[in-house]
Amino acid sequence: MQDIVSKTDLRTELLARRAAMRPEERSAAARPIRDALLSLPEVEMAGTIAAYASIGDEPDTRSLLFALWKRGTYVLLPILLPDGDLDWASYEGPDSLVPGARGCLEPSEPPRGPGAIAGADVVLTPAVAVDRTGVRLGRGGGSYDRALARVGPAILTVAPLYDGELVEALPVEPHDQRVRAVATPSGGFVRLS
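Predicted model, so just to flag it, every value in this text is computed and none were measured.

What counts, and where the lines are drawn
- Residues numbered from 1 in each chain as written.
- Predicted model: local features only at pLDDT ≥ 70, side-chain atom pairs only at ≥ 80, totals over all residues.
- Heavy atoms only, no water.
- Pairing = 2+ DSSP bridges.
- Helix = DSSP H or I, 4+ residues; strand = E, 2+ residues; numbered from the N terminus.
- Axes fitted to C-alpha atoms, helices over the stretch in contact; angles between N-to-C directions.
- Contact = heavy atoms within 4.5 Å.
- UniProt positions renumbered as here; feature names shortened; annotations may be inferred.
- Buried < 20%, exposed > 50% of the residue type's maximum accessible area, 1.4 Å probe, protein only.
- 1 Å grid on protein atoms, 1.4 Å probe; cavity = no way out; pocket = protein on both sides within 12 Å on 5 of 7 lines; lining within 4 Å.
- Points joined across faces, edges and corners; volume = space filled by probe spheres on them.
- Nonpolar A, V, L, I, M, F, W, Y, C, P; charged D, E, K, R; others polar.

(A) Main features of the sheet that holds strand β10 (residues 166–167). On the basis of which strands lie adjacent, the open sheet formed by three strands has the order β8-β7-β10 and mixed pairing. Lying at the two open borders of the sheet, with one neighbouring strand each, are β8 (136–137) and β10. As judged from the two bridges shared by strand β7 (residues 129–131) and β8, these two strands associate in the antiparallel manner. Of the residues in β8, the one forming a bridge with A129 is L137.

Rendered as structure tokens:
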């Protein structure tokens, strides 16, 4: 129970820090994250990338999604299901996004099923923080832990973060799924142990 309280407190602190960022700071952070990810060989060669449309104070993924789509990469985005799991559908450009559950933007294309993420060559996942071993702190709903459990061990999973959100250690629970890398504005792409 102590880990859950610690996660909640840490999540609250980090989200408050994000909320305090000026819009121009968030915008400036998005460019180097996008560029670091687009230049990765795994991303350049990927046929399919599972990603997400950022909302609120999250590191902005809109220009990244657009660049991947224009490049010809097949991009899957999540659709939040009533039970908290994630279904996946094709991103067909910025006009294909519609308002979804909990303020998320979701693709308007037909869903492909929760297992569609298993076919991705690279997976981008939201996070509030990640530690040096890949433990990911999300929003607390468990949706991405379920989705990441379907991803094979050789698939690159990356969390875009702001500077200061790659931390030394986070509380971990048995259901937590680790990511294999992060991308930050100042540090670029970082593989985790």
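Read on for the rest.
(B) Local environment of the pairing of strand β12 (residues 188–191). Across four bridges, the pairing between strand β11 (residues 181–184) and β12 is antiparallel. Residue pairing for β12: V182 is matched across the bridge by V190. Remark: three residues form the turn of the hairpin made by β11 and β12, two consecutive strands paired antiparallel.

(C) Geometry of the sheet that holds strand β2 (residues 74–80). Spatial strand order, β3-β2-β1-β6-β9-β11-β12: seven strands in an open sheet with mixed pairing. A single partner strand is all that each edge strand has here, and the edge strands are β3 (86–90) and β12. The mean inter-strand angle of the sheet, taken between neighbouring strand axes irrespective of direction, is 30°. Across the sheet, helix α4 (residues 62–71) lies against β1 (48–50), β2 and β6 (122–124), angled at about 135° from β2, the strand it touches most.

(D) Region of interest: the UniProt feature "binding site: substrate" (unreviewed entry) in the protein chain. Residues given the UniProt feature "binding site: substrate" (unreviewed entry) here are E58. Note that E58 resides in the loop between β1 and α4. Using a relative accessible area of 12% as the deciding quantity, one classes E58 as buried. Discounting chain neighbours no more than four positions away, the residues touching E58 are R18, Y52, A53, P126, R139 and Y162.

(E) Highlighting the layout of surface pockets. A volume near 680 Å³ is recorded for the largest pocket. Forming the boundary of the largest pocket are 34 residues, of which R136, R139, G141, S143 and Y144 lie nearest the centre. Those elements that place two or more of their residues in the lining of the largest pocket are α1 (2–19), β2, β5 (105–107), β8 and α5 (143–148). Broken down by element, the residue count for the lining of the largest pocket peaks at five residues, all from α1. Grouping the constituent residues of the lining of the largest pocket by class yields 16 nonpolar, seven polar and 11 charged. Taken as a whole, the second largest pocket holds about 230 Å³ of empty space.

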